Amino acid sequence: MARALITMPTTAKRGDVVEIRTLIAHPMETGYRAGADGAIVPRNLIRRFTCHYHDGRDEVQVFGAELFPAVAANPFIAFTTVATASGTLRFTWSGDQGFTQTETASLTVT
Amino acid sequence: MMKRRDVIGAAAGLVGLVWVRPATADADELAAAVAAFAGGVPVRAGRVEFDIAPLVENGNTVPVTVRVPSPMTEADHVTAIAIFNQRNPQRDVANFTLGPRAGRATVSTRIRLAGSQQLVAVAKMNDGSCWSKTVDVLVTLAACVEP
Amino acid sequence: MKRLALLLLTLGAMPALAADARRSGYDDMSPQVQAMQRDDGVNPAMLWVKEGEAMWARDCARCHGDAATSMRGVAARYPAFDAATQHPITLSQRIASHQRATPLAPESDALLSIESYVAFQSRGLPIAPPADPRLQPFRERGEQLYRRRIGQLDFSCAQCHDEHAGQHLGGSTIPQAHPTGYPMYRLEWQGMASLQRRLRSCMNGVRAEPFAHGAPELVELELYLNARAAGMRIETPAVRP
């Protein structure tokens with residue numbers, strides 16, 4: 001169940017700094033834990049998160065994160081970005097075992 | 001005769017020992033991790049705000065916010081923020097890449113703490129300087145240690 | 001009027017906790033964890049509510065329409081009496097086998113998601129146990145289970161959660177154990193959990209053999225706990241340490 005939740009405004013005034021909160025369902029298995037049978041549960045982590053902002057002219061990475069086993073399960077990442085022009089924000093998570101997920105959100109800038 | 005309270009206390013203490021490492025080795029490793037991130041630039045204490053509860057009731061999911069007051073203009077901005085720990089199995093926690101498009105240098109996440117320890121947040125500026133904030137966090141154990 | 005009188009009589013027979021002395025587990029948490037529950041944009045449990053919303057649209061909406069209307073108040077009045085089995089049934093049990101050849105597995109993401117979404121529609125409403133006299137014998141058995149000493153540590157639920165609630169065990173405050181926010185996100189498990197999982201793990205905690213998933217004892221306990229918490233606000237989806 002790799003459900004993701006993006007919480008951010010849908011509209012903003014040009015130049016506003018908008019707050020973006022992201023959540024994604026993922027166990028962030030550290031690779032240090034032993035399971036019920038005593039064997040180590042294999043590492044399974046989200047390693048990277050990026051936010052790209054496509055504002056009609058170009059697409060730019062406005063934020064990035066590199067995650068390690070110390071990040072709690074179901075990772076929560078909150079950051080900010082400047083509302084430059086109306087467009088689409090693209091959020092991408094990637095990690096172990098070929099994990100990759102992308103979510104998008106529209107921002108109307110007036 | 002062992003009282004019930006003693007049994008629970010002993011059990012809780014045993015679990016707490018699993019991932020805690022000796023303090024001296026960790027302090028060196030923590031300093032090394034910070035230095036590596038800073039790329040040889042001296043790291044100065046200051047400018048970085050590190051929000052975390054001083055006393056944490058569950059080390060599995062600890063909210064943290066790192067904030068660096070900065071105009072975040074092309075001329076003057078934070079390029080990266082990193083968090084390091086002292087006593088988890090690995091020093092790194094998370095690295096964040098920012099820039100003028102961020103508007104503010106504020107990042108929040110939730111982290112795991114394997115016991116009471118020191119944490120360091122480091123910020124790199126576009127002028128090459130590095131700043132840090134160190135915090136000490138007390139992590140209490142969950143009362144009922146069960147699956 | 002008669003049903004109300006019966007309910008009040010039943011609740012009057014509830015020992016220990018006067019309405020104003022009751023505290024939700026929320027009240028015993030640190031401000032940081034409280035903040036995690038309060039804000040839907042940061043509450044990890046909302047991932048399951050969102051999944052439940054998608055499952056509802058796909059599997060349930062064709063009969064039940066808009067959940068905000070059709071499911072409002074439903075979680076507040078469970079466990080309810082199931083005429084088919086002549087036993088009380090929890091919301092989780094009701095959902096698990098509803099319109100399915102193969103029931104959803106206990107503690108599965110699928111079941112937790114729909115149950116969270118349904119219970120979420122009752123957020124803010126008071127727990128309202130049905131004034132159904134057929135539930136009474138099961139509720140009484142639930143109370144007996146609540147007061148029975150079990151396990152190697154020989155504790156009853158009442159000893160910790162009535163007599164010692166508010167005191168400390170390890171580094172934590174012992175809560176009064178009101179089921180105000182299930183299914184909920186437990187930080188200790190870094191995942192979503194049902195009341196049954198919590199009860200079973202409490203039994204492990206006192207070194208007792210936990211009742212099996214779906215055991216009548218767990219349903220009776222849930223029935224009693226909800227009567228004991230009658231009137232308290234539903235917080236689903238809650239966050240707990």
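What follows covers the overall build of chain B. Scanning chain B from N- to C-terminus turns up 2 helices and 9 strands. Here chain B, with 147 residues, has 39% of them falling under the buried criterion. Long-range contacts, defined as pairs at least 24 residues apart, comprise 68% of the intrachain contacts of chain B with a sequence gap of at least 6.

Time to look at the sheet that holds strand E3 (residues 17–24) of chain A. In a beta sheet, neighbouring strands are held together by backbone hydrogen bonds and run either parallel or antiparallel to one another. Across the sheet, which stays open at both edges, the 6 strands sit in the order E1(A)-E3(A)-E6(A)-E7(B)-E4(B)-E2(B) with antiparallel pairing between neighbours. Looking at strand neighbours, the two that pair on one side only are strand E1 (4–7) of chain A together with strand E2 (49–51) of chain B, the edges of this open sheet. The sheet shows a mean angle of 15 degrees between the axes of neighbouring strands, taken without regard to direction. With 3 bridges connecting them, E2(B) and strand E4 (residues 62–68) of chain B associate as antiparallel partners. Within E4(B), the residue paired with B:Glu49 across the bridge is B:Arg67.

Of all hydrophobic cores here, the largest spans 117 residues; its most connected members are A:Val71, B:Ile81, B:Ile83, C:Ala45 and C:Val118. Aside from chain neighbours lying at most four places away, what touches B:Ile81 is B:Val66, B:Val68, B:Phe96, B:Leu98, B:Ala105, B:Val107, B:Ala121 and B:Ala123.

Taken together, the contacts link 23 residues of chain A with 24 residues of chain B. Sorting the residues of the side of chain A that touches chain B by element identifies strand E5 (59–67) and strand E6 (76–82) of chain A as the ones contributing at least two each. Of the residues assigned to the side of chain A that touches chain B, the class counts are 19 nonpolar, 3 polar and 1 charged. Where E6(A) and strand E7 (residues 105–111) of chain B come together, 2 bridges link them in antiparallel fashion. Following the sheet pairing, A:Ala78 is matched in E7(B) by B:Ser108.

Here we come to unusual backbone geometry. Of note, the bond from C:Tyr78 into C:Pro79 is cis; its omega dihedral lies within 30 degrees of zero at -5 degrees. Assignment of secondary structure puts C:Pro79 in the loop between helix H4 (67–70) and strand E1 (80–82). The step from C:Tyr182 to C:Pro183 runs through a cis peptide bond, and the omega angle for that step is -15 degrees. Positioned with a positive phi, A:Gln97 is a non-glycine residue whose angle comes to about 55 degrees. The topology assignment puts A:Gln97 in the loop between strand E7 (87–95) and strand E8 (100–109).

Take the environment of C:Gly166 next. Residues and elements named next belong to chain C. Checked against the element boundaries, Gly166 lands in the loop between helix H8 (157–163) and strand E3 (168–169). Distance in space between the C-alpha atoms of Gly166 and Asp28 is 7.9 Å, their sequence separation being 138 residues. Gly166 has contacts with Thr173 and Ile174, leaving out every residue within four places of it along the chain.

For a regular strand, side-chain orientation follows a simple rule: the groups alternate between the two sheet faces. Judged from the 7 bridges that link them, strand E4 (residues 46–54) of chain A and E5(A) form a sheet pairing that is antiparallel. By the bridge assignment, A:Thr50 is partnered in E5(A) with A:Gly64. Hairpin geometry of E4(A) and E5(A) is characterised by an intervening segment of 4 residues between the two adjacent antiparallel strands and by a positive phi of about 90 degrees at A:Gly56. Here E5(A) runs beside strand E6 (residues 92–97) of chain B; their pairing, made up of 4 bridges, is antiparallel. Following the sheet pairing, A:Gly64 is matched in E6(B) by B:Thr97.

It is worth spelling out the confidence of the model for chain B at this point. Residues and elements named next belong to chain B. With 80% of its residues at a pLDDT of 70 or more, chain B shows a mean pLDDT of 85. Contacts from residues 6–19, a stretch scored under 50 in pLDDT, to residues over four places away or in other chains number 13 contacts. What the predictor reports for the complex is a pTM of 0.89 with an ipTM of 0.95.

Reading the values: the criteria
Residues numbered from 1 in each chain as written. Chains lettered and ligands numbered in written order. Predicted model: local features only at pLDDT ≥ 70, side-chain atom pairs only at ≥ 80, totals over all residues. Helix = DSSP H or I, 4+ residues; strand = E, 2+ residues; numbered from the N terminus. Buried ≥ 20, exposed ≤ 12 C-beta atoms within 10 Å, placed from the backbone. Contact = placed C-beta atoms within 7 Å. Pairing = 2+ DSSP bridges. Axes fitted to C-alpha atoms, helices over the stretch in contact; angles between N-to-C directions. Core = buried A, V, L, I, M, F, W, Y, C linked by C-beta atoms within 7 Å. Nonpolar A, V, L, I, M, F, W, Y, C, P; charged D, E, K, R; others polar. pLDDT = per-residue confidence, 0-100.

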